[in-house]
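Structural characterization, general
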Amino acid sequence: MAFRTIAFLTLAPLILLLPNATSWGEELNSERSSNSIDFTRDIAPLLARNCTACHNAKKPEGGLNLESHSSLMAGGDSGAAVVPNNSGDSGLLSRVVDSDDPMPPADNAVGVKPLKPAEVELLKRWVQAGALAPSSSIATAVNWQPIPAHLSPIYAVDNSRDGQYLAIGRGNTAQIIDLNETRNADSAAHPSIESLIDPTLQLADGTPLVASHFDLVQSLAFSPDSQLLATGGYRTVKFWRRQTVAQQLLAGVSPGDDHSSFAPTGKRLASVVNDIGLELVDLTTGQAHRFLQAHPAKITALAWLSDQHLLSADAAGALLLTDAVSNTTTPLKFSDNPLELRQLAVLGERVFALDTSGRVFQLSCESGESLAKISTTAVMSVTAEPIAVAEVVTALTVTSLPEPCLVVALDNQAVRRLSLDASSDNPDQLGEVQLDAPVRRIVVSSDGLLLLTIAEGGQAKLWKLASGELLATLDQDYRGSIQFHARQRDAARQAGLIELLATQLTELQKASAAEVEAHKKVLELRDQASTALATKDSELAAAQAVTSETEQALAAAQQRVTELTAEVETKRKAAQEADAKRKAAQMELAQREQALATAADGVSRAAQRIVDLENKTTTEREALTKLQSEVETLEASAHAPPATGGTFSADGGLVVIAGPDQTVRAYQTANGLPLANLTSTGTAAWGLMASEESELQAVTADGRVVTWDLRLPWTLERSIGTPEESPFSDRITALDFSPDGRLLAVGSGPPSRFGEVQLIDVQSATVAKSLGEVHSDTVLCLRFSPDGRQLASGGADKLCRLWQVGDGQALRAFEGHTHHVLGLAWQDNGQRLATAGADQLVKVWKVESGEQQRTISGFSQEVSALEFIGDTPRLISVSADGAVKLINTDDGKTIRDFAGANDALYTVAVSADGKRLTAGGQAGKVWTWNVEDGKRLESANTK
């Protein structure tokens, strides 16, 4: 390879892959017999380490290619490199041991070292034994070894577009850092760092390798929808998906509805069957028991009194206690007039009920026995003690924290907390939340601090229960919001492009007017030249006539020969001068004619440029119209449908809302922002229940019991390529998703040989298009343009190249760096591109023309990565000396330095909102700062 220092370790042999025979640090076994030496196992790795960087198919110095046995035996410009059975006449061996002109040269730019004596001896014995072709029986797989614990550089970081996650490649493991403050508690339930482990990885001896890749993670990228993470290692790309799709526990149960209810531990499910029947399902065994005519009238309310006992009420005022263990039922009746109940709530052994007229009661056995401990199947009498609430109650719930209380929603659009320690005739009021709409359902978090209300129209809101402060309206759909805001940015960018085209049109119109004026002036000069030529023609004709007359006079008067001869000569010279002037006038006229044609062509081309720009503007306006239409469509989908139910996670960090569609929506309680769309893969979900183990359960409208892990773990979805067989030639050094998420650009290439770019179809995980060997050295960085139409690639060949994504055609090259192009970044308007180089420079380019707009210097070491802050001209750079800078690319000046990093930095990422930047490097540490004030933030640096 051409060059590599600290900042370029992505190309150095850090993956610790070993040929099956020996390790790189071992002396070769000199006792091995010559007949046992195999080219693939023993000789090819030796040549690969020391020779093929300069002697390969792409760059066969001296005409010699040492990549394969056949190409080695073919020799080079100087003849045979190897003569079987004759090591003395083999040019390869002669050069290897030549002290005056050795191979590899002592001052080679690739950094390889001369062969060790044992390696020379092995090569000599292989030649002497006949330089045999490789044996098909010799395994070619590499022998992977564990990477030392101290070797954990960070070559790649990326922020998810939704702002929730930071991904880092630390050593050979990709890690996800949860940036949600409410989900970062120091507990097993919500770890702040999740390591992505490929369970299929194992070493040669069968020992599991707890890592993402065999070798170092060279690159990674989040998909635009923040649901997929791509990671790159040695010849392998892996996709890791955020788990938001429900896992099915059971199927074939009764369809869920508004009355479906899970027991307190979540191990049993109760559902209503055909309005009057009950089904109890043991979720641990899958066994179900049905009571098809449990009630005489439509069931109106269900509540689990314990994991064993279920209380149900119907429209006729009948109550039923069902024992899920013995599968028996106990009829209950009111000691006074029957009550038609529509809601039940349980706190310990106390049962509260809301009837259809809006009154609240506490239910108890007339005998004093707890409803949950009734031991007989005989009809029992129940008393309903009224709880004094002056207003009509529309919904109720209970909570034990911070103190036992009853929470009721009132028809005057308020929610009131009532103490359960006081008399039910006159309960103490602990507080009241004033709402802005009638409420039909309320839920309180387990710590009693938060209140979820669902209004009659299905609008869900989050409140602080004690103070009544409105925290958020939970009306955003996670996926719809992301798509909506992305399209808004696209439309804004497109509008900016049209403004730019309008400016260019004005400039072209001015240029066209100048061309017309220039054409007019050239036409005047041409006409003047034509007039001058006519004058010269007349003067020549006159001169020729005088000459003719004089010649006649000469013929008639020879006696005057001497005088007339002199006169003739004089006239002849005059005629010649006139002829020369005429020819000069002809030439000037021809030049003027040519200039006129050129001017006319300039006028025509200027006019055509205007037409072309107008056509382009029309096309771009049509694209803008389409985007604006999509924005309008997506604006509706950015809003969640009416809520039908909801609950809080056990730790109160999340609130989840169910609706009439197949999606359960999770929101952060800290700010009310949507966290994820949880799909039930089919139909609506009911009876939401969150457990202490961060699981969320529901029963669907088509009769399935499903569950989600609210930690939303990331798991391996698929892999493309293996170290042994892959569409990629070498380490995956660059990854980037297209803005629509359909394509993944993959950059790779063996050092000093070539750099390749391939476009992967994300849905099928296949190569959709290969751009081929587009660089003469490894591709080190890749970025799609913000509109996805173009792809920029930078490589170790000192070039940045621009490609048309649609047809893969090369558009232009940005030339100017004198060393590796290590990083690149697009300004969000798509008009400017910045590149970072190992030449300690940052260059800013105009994308459309390829013009170098500015060179920014002042870096003491290699500039390894760049990120623009949105559509602003501000640029973040990181360097191999640990420097982090905020630069104004309009004038090249440094706005701010970010202090704290004390080691080489290789990568940087800026959050989607432009407020936070994160960098990583050789030390395996993560550094994070606020962009605006440069304040360093705490980072997750656990290895």
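The shown structure was predicted, so the numbers you read here are calculated from the model rather than taken from an experiment.

One open sheet holds the four strands; their spatial order is 11-12-13-14, and the pairing between them is antiparallel. This sheet does not close on itself; its edge strands, each paired only once, are strand 11 (261-262) and strand 14 (287-291).

To continue, consider the pattern of salt bridges. Should the charged atoms of two oppositely charged side chains come close, the side chains can pair. In total, this model carries 28 salt bridges according to the counting rule given. With its nearest N and O atoms 2.7 Å apart, the salt bridge here joins Asp 477 to Arg 665. Separated by 188 residues along the polypeptide, Asp 477 in the loop between strand 30 (470-473) and helix 5 (478-556) and Arg 665 in strand 33 (residues 663-668) bring together distant segments of the chain. For Asp 477, a relative accessible area of 6% puts it in the buried group. Between Asp 490 and Arg 493 there is a salt bridge, with the nearest N and O atoms lying 2.9 Å from each other. Of this pair, Asp 490 and Arg 493 both sit in helix 5, three residues apart, roughly one helical turn. For the residue pair Asp 490 and Arg 493, the accessibility class agrees, reading buried in each case.

To continue, consider the sheet that holds strand 41 (residues 755-761). The strand order across the open sheet formed by four strands is 39-40-41-42, and the pairing between neighbours is antiparallel. On the outer flanks of this sheet lie strand 39 (734-737) and strand 42 (766-775), each paired with one strand and no other. The average undirected angle you get between the axes of adjacent strands in this sheet is 15°. Strand direction decides the pairing type here: strand 39 and strand 40 (residues 743-748), joined by four bridges, are antiparallel. Paired with Leu 735 across the bridge in strand 40 is Val 746.

Of all six residues that make up strand 47 (residues 821-826), six are buried, and the element is covered over most of its length. Note: strand 47 against strand 48 (residues 832-837), five bridges, orientation antiparallel. Across the sheet, the residue bridging to Trp 826 is Leu 833, located in strand 48. From the end of strand 47 to the start of strand 48, which pair antiparallel, there are five residues, and Gly 830 there has a positive phi angle of about 75°.

Scoring rules and cut-offs
- Residues numbered from 1 in each chain as written.
- Predicted model: local features only at pLDDT ≥ 70, side-chain atom pairs only at ≥ 80, totals over all residues.
- Heavy atoms only, no water.
- Pairing = 2+ DSSP bridges.
- Helix = DSSP H or I, 4+ residues; strand = E, 2+ residues; numbered from the N terminus.
- Salt bridge = Lys/Arg side-chain N within 4 Å of Asp/Glu carboxyl O.
- Buried < 20%, exposed > 50% of the residue type's maximum accessible area, 1.4 Å probe, protein only.
- Axes fitted to C-alpha atoms, helices over the stretch in contact; angles between N-to-C directions.

Functional significance is not addressed by these values, which are geometric in nature.
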